[in-house]
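Take a look at the letters that make up each chain.
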Amino acid sequence: MKKETLYVAFSTQKGGVGKTTFTVLVASYLYYLKGYNVVVVDCDYPQHSISAMRKRDAEQVNGDEHYKLLAFNQFKALGKKAYPVLCSSPDEAIKTADDFLASAGSDYDVVFLTCRER
């Protein structure tokens, strides 16, 4: 029997209340510590905060050999890569997640969606 993927959305009309932080903390806890397969759909349009944070982190790691070694050792110890972060508009978030799940080669337990309603 195929398991169903759980969709969890963190959304509010106000900015700056911790949606991005909470999403990253919960997704990271479930993925890295509990072993669930998660994907995050960042629909905090147009700034895509989670995706932008990932990009900044990657640039810092790739620009410094010390950070590169730390990241390599961390991911090696964890035995897994970083979980996927997809960018979407709020209107297309479910479709973006569904399309990703249909094309992904493995089962995902949880899809997190984070956005500010306009």
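Up top is the structure these notes are about.
Bear in mind the structure is a predicted one, so any value in this text is a computation, not a measurement. (Residues numbered from 1 in each chain as written. Predicted model: local features only at pLDDT ≥ 70, side-chain atom pairs only at ≥ 80, totals over all residues. Heavy atoms only, no water.)

Caption draft 1: Molecular detail of the environment of Asp57. Here Asp57 shows up in helix α2 (residues 49-62). Owing to a relative accessible area of 42%, Asp57 belongs among the partly exposed residues under this scheme. Residues Asp57 and Tyr67 lie 10 residues apart in sequence; the distance between their C-alpha atoms is 9.8 Å. (Helix = DSSP H or I, 4+ residues; strand = E, 2+ residues; numbered from the N terminus. Buried < 20%, exposed > 50% of the residue type's maximum accessible area, 1.4 Å probe, protein only.)

Caption draft 2: Molecular detail of the pattern of salt bridges. Scanning the entire structure with this criterion turns up 2 salt bridges. Residues Glu65 and Lys68 are paired through a salt bridge, measuring 3.3 Å at the closest nitrogen-oxygen approach. Taken as a pair, Glu65 and Lys68 lie in helix α3 (residues 65-78) at a separation of 3 residues, close to a single helical turn. A residue is classified by how much of its surface remains accessible, and Lys68, at 33% relative accessible area, is partly exposed. In this structure, Asp99 and Lys95 form a salt bridge, with 2.7 Å as the shortest nitrogen-oxygen distance. With Asp99 and Lys95 both in helix α4 (residues 93-103), this residue pair falls 4 residues apart, about one helical turn. Accessibility expressed as a relative area gives 40% for Asp99, which makes it partly exposed. (Salt bridge = Lys/Arg side-chain N within 4 Å of Asp/Glu carboxyl O.)

Caption draft 3: Region of interest: the nonpolar core. With 11 residues, the main nonpolar core is built from Val39, Val41, Cys43, Leu86, Ala93, Ala97, Phe100, Tyr108, Val111, Leu113 and Cys115. By size, the runner-up hydrophobic cluster in this structure holds 10 residues, among which are Leu30, Val38, Val40 and Tyr83. (Core = buried A, V, L, I, M, F, W, Y, C linked by side-chain atoms within 4.5 Å.)

Caption draft 4: Molecular detail of the side chain of Asp42. Summarising the element assignment, Asp42 is placed in strand β2 (residues 38-42). A distance of 3.2 Å separates a polar side-chain atom of Asp42 from the backbone nitrogen of Ser49. (Polar contact = N/O pair within 3.5 Å; in protein donor to acceptor, adjacent residues only side chain to side chain.)

Caption draft 5: Focus on the packing of helix α1 (residues 19-33) against α2. Two elements in contact, α1 and α2, have axes separated by 10 Å at closest approach and are oriented at 65°. For the element pair α1 / α2, the angle class is roughly perpendicular. Here Thr20, Thr23 and Val24 of α1 lie close against α2, whose contacting residues are Ser49, Ile50 and Met53. Looking at the contact of α1 with α2 residue by residue, the classes come out as 3 nonpolar, 3 polar and no charged. (Axes fitted to C-alpha atoms, helices over the stretch in contact; angles between N-to-C directions. Parallel < 35°, antiparallel > 145°, perpendicular 65-115°, else oblique. Contact = heavy atoms within 4.5 Å. Nonpolar A, V, L, I, M, F, W, Y, C, P; charged D, E, K, R; others polar.)

Caption draft 6: Main features of the state of the cysteines. The tally for this structure, following the rule as stated, stands at 0 disulfides. Take Cys43: it sits in no disulfide, and the sulfur closest to it among the cysteines is that of Cys115, at 4.1 Å. Overall, the relative accessible area of 1% leaves Cys43 in the buried class. Distance from the sulfur of Cys87, which forms no disulfide, to the nearest cysteine sulfur (Cys43) is 9.5 Å. (Disulfide = S-S within 2.5 Å.)

Caption draft 7: Geometry of the pairing of strand β4 (residues 110-116). Counting buried residues in β4 gives 6 out of 7 residues, a clear majority hidden from the surface. In this structure, strand β1 (residues 6-12) lies alongside β4, joined through 7 bridges in parallel fashion. Across the sheet, the residue bridging to Val8 is Phe112, located in β4. Where β2 and β4 come together, 5 bridges link them in parallel fashion. Directly across from Val38, in β4, lies its bridge partner Val110. (Pairing = 2+ DSSP bridges.)

By themselves these figures say nothing about function.
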